Amino acid sequence: MSQTPFYGPDFELLSQQDPDIAKVLLSELKRQQTTLQLIASENFTSRAVLAALGSTLSNKYAEGYPGKRYYGGCEEVDVAEVIAIDRAKSLFGAEHANVQPHSGASANVAVYAAFTKPGDTVLAMSLPHGGHLTHGSKVNFSGKWFNIVSYGVRQEDELIDYDELRDLAIKNKPKMICSGATAYPSLIDFKKVREICDEVGAIMWVDAAHFIGLVAGKAIPSPVPYADVVSFTTHKVLRGPRGGMILSKAEHAQAIDKAVFPGMQGGPIMSAVAGKAIALKECAEPAYQRYAKDVIANCKVLAKSLEDEGMRAVSGGTETHLALIDIRNTKVNGKVADERCGLAGIVLNKNAIPFDPESPAVTSGIRVGSPATTTQGMGPNEMKSIASLIARAIATDDQKKLSAIRGEVQALTARFPIYSA
Ligand code: DSN
């Protein structure tokens, strides 16, 4: 199968100039086309976004902000950044947008820099209960430089314990409270978090990296009206280029902008900024709103079907694009399940479940997400098939059986082609 038409004439040039890297591009395209992408934080961005990423905007240094740059020749990239900012503000109803962070982690560094000083107390979700590295992990700058107090989920229903969150806030008087997670399948009550922040005088920071695409598609409630600051990535459900973004109230605009540049970054990646602008335009379309709703509907079916296969959906199921699955009933741990599924062409990740008896390197769970398969056009019937394929892959270490499942995965993905010529 020739994939050259997708990459265009420049790919012929690359093939001649650097066949080693050209081969990687082709092999990765084939991997994405022929295996199931269930990593909850991944998606297939549009060709228009890929075009921007591979453009000459990559050559331009543009330290500063539109109209206030430290380099000449920024008149064209200024236009792209202004469009991206305007589209972000309009899509999310935000007072201020900074579209320059290189990633979600970079955006979070800027949030800390804008609102706190090293040593300050920050309340955030614990990593083993679904939080992110930048929410205070001891191996991350956040855990090293800040006094992080962690909150988690209740043991009985695996939902955020807002009473515990309030008690911790009153006791520790944090400068900032972070809500948002990487493995929490339920919705967050932003109104309640706002009330707690107001009660203790804390900045309300929402790390919306995982679910901002669902907000953009009007499929779940938005944190923007409540939060002082919302940080996120642009490549998950949102389906844009890899990168980060920050929205805030107007009163925090200067602090956020200074924290991003010159506080934390030099020149923005202008090809990515243009890609973010394109993705934001796509998100404003009715088709994207249908997509966001389908992502959730598909994930609900996937979680329920995995339960029908004898596994347990953490938090009682999902209200979002991801499901966290307790697989202890299968007698296989997360690490082995991840490896077996990988051999069967099903790409997902092992994941700690709340109160996990296993180590983070082993885990008792897997995390699955529906953003990529929904972009491919898969629906509830395919989700049921995928659950069955996962269950069969987890249940066997027989290479022949795993290869046979891989064949079924290939047949399924062939019916939903991506980036085909
Ligand atoms: N690595 C991302 C995820 O998979 O959730 C978070 O940064």
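Residues numbered from 1 in each chain as written. Predicted model: local features only at pLDDT ≥ 70, side-chain atom pairs only at ≥ 80, totals over all residues. Heavy atoms only, no water.

### Considerations on the packing of aromatic side chains
- Summed over the entire model, instances satisfying the criterion amount to 11 aromatic pairs.
- Where tyrosine 65 meets phenylalanine 261, the ring centres are 6.5 Å apart and the plane angle is 75°; that geometry is what we call edge-to-face. Placement of tyrosine 65 in strand β2 (residues 64-65) and of phenylalanine 261 in the loop between α11 (253-260) and α12 (270-283) is noted, with a sequence separation of 196 residues between them.
- Judged by centre distance (5.3 Å) and plane angle (85°), the ring pair of tyrosine 112 and phenylalanine 141 falls under edge-to-face. Here tyrosine 112 is found in helix α6 (residues 104-115), whereas its partner phenylalanine 141 is found in helix α7 (residues 141-145), with 29 residues between them in sequence. Exposure class is identical for tyrosine 112 and phenylalanine 141. Each is buried.
- Members of the aromatic cluster, joined through ring pairs, are Tyr112, Phe141, Trp145, Phe146 and Trp205.
- Directly above the aromatic system of tyrosine 291 lies the positively charged group of arginine 239, at a separation of 4.1 Å from the ring centroid. (Phe/Tyr/Trp six-rings, centres within 6.5 Å; stacked < 30°, edge-to-face > 60°. Helix = DSSP H or I, 4+ residues; strand = E, 2+ residues; numbered from the N terminus. Buried < 20%, exposed > 50% of the residue type's maximum accessible area, 1.4 Å probe, protein only. Lys NZ or Arg CZ within 6 Å of the ring centre and 35° of its normal.)

### Some points on the pattern of salt bridges
- Scanning the model with the defined rule gives 17 salt bridges in all.
- With a shortest N-O distance of 3.3 Å, aspartate 120 and lysine 175 are connected by a salt bridge. Placement of aspartate 120 in the loop between α6 and β5 (121-125) and of lysine 175 in the loop between α8 (162-172) and β7 (176-179) is noted, with a sequence separation of 55 residues between them.
- Accessibility expressed as a relative area gives 19% for aspartate 120, which makes it buried.
- You can call lysine 175 partly exposed: its relative accessible area is 40%.
- With a closest N to O distance of 4.0 Å, aspartate 161 and arginine 154 form a salt bridge.
- Aspartate 161 gets classed as buried once you look at its relative accessible area, which sits at 17%.
- Looking at arginine 154, the relative accessible area reads 25%, which means it is partly exposed.
- Taken together, the shared-partner salt bridges in this structure form one network comprising Glu158, Arg312, Asp326 and Arg328. (Salt bridge = Lys/Arg side-chain N within 4 Å of Asp/Glu carboxyl O.)

### Let's talk about the nonpolar core
- Formed by 57 residues in total, the largest nonpolar core has its most connected members in Phe92, Ile177, Phe211, Val230, Phe232 and Leu247.
- Among the elements that line this core, the one with the most residues is helix α5 (residues 75-92), at six residues.
- Excluding residues that lie within four positions of it along the chain, phenylalanine 211 makes contacts with Ile188, Phe190, Val206, Ile220, Pro223 and His321.
- Leu36, Ala337, Met378 and Ala391 belong to the second largest nonpolar core, which has 33 residues in total. (Core = buried A, V, L, I, M, F, W, Y, C linked by side-chain atoms within 4.5 Å. Contact = heavy atoms within 4.5 Å.)

### Observations concerning the site of the ligand
- In the vicinity of the ligand, the residues found are Ser41, His132, Thr182, His210 and Arg367.
- At 2.9 Å, a side-chain N or O of histidine 132 approaches an oxygen atom of the ligand.
- With respect to the ligand, the side chain of arginine 367 contributes an N or O atom lying 2.8 Å from an oxygen atom.
- Out of a free accessible area of 230 Å², the ligand has 63% covered by protein chains. (Near = heavy atom within 4 Å. Polar contact = N/O pair within 3.5 Å; in protein donor to acceptor, adjacent residues only side chain to side chain. Areas by Shrake-Rupley, 256 points an atom, 1.4 Å probe, with all protein chains shown as cover.)

### Examining the UniProt feature "domain: Serine hydroxymethyltransferase-like" (unreviewed entry) in the chain
- Mapped onto the present numbering, the UniProt feature "domain: Serine hydroxymethyltransferase-like" (unreviewed entry) falls on residues 14-390.
- The annotated region residues 14-390 carries 42% helix and 15% strand content, and the separation between its end C-alpha atoms amounts to 37 Å. (UniProt positions renumbered as here; feature names shortened; annotations may be inferred.)

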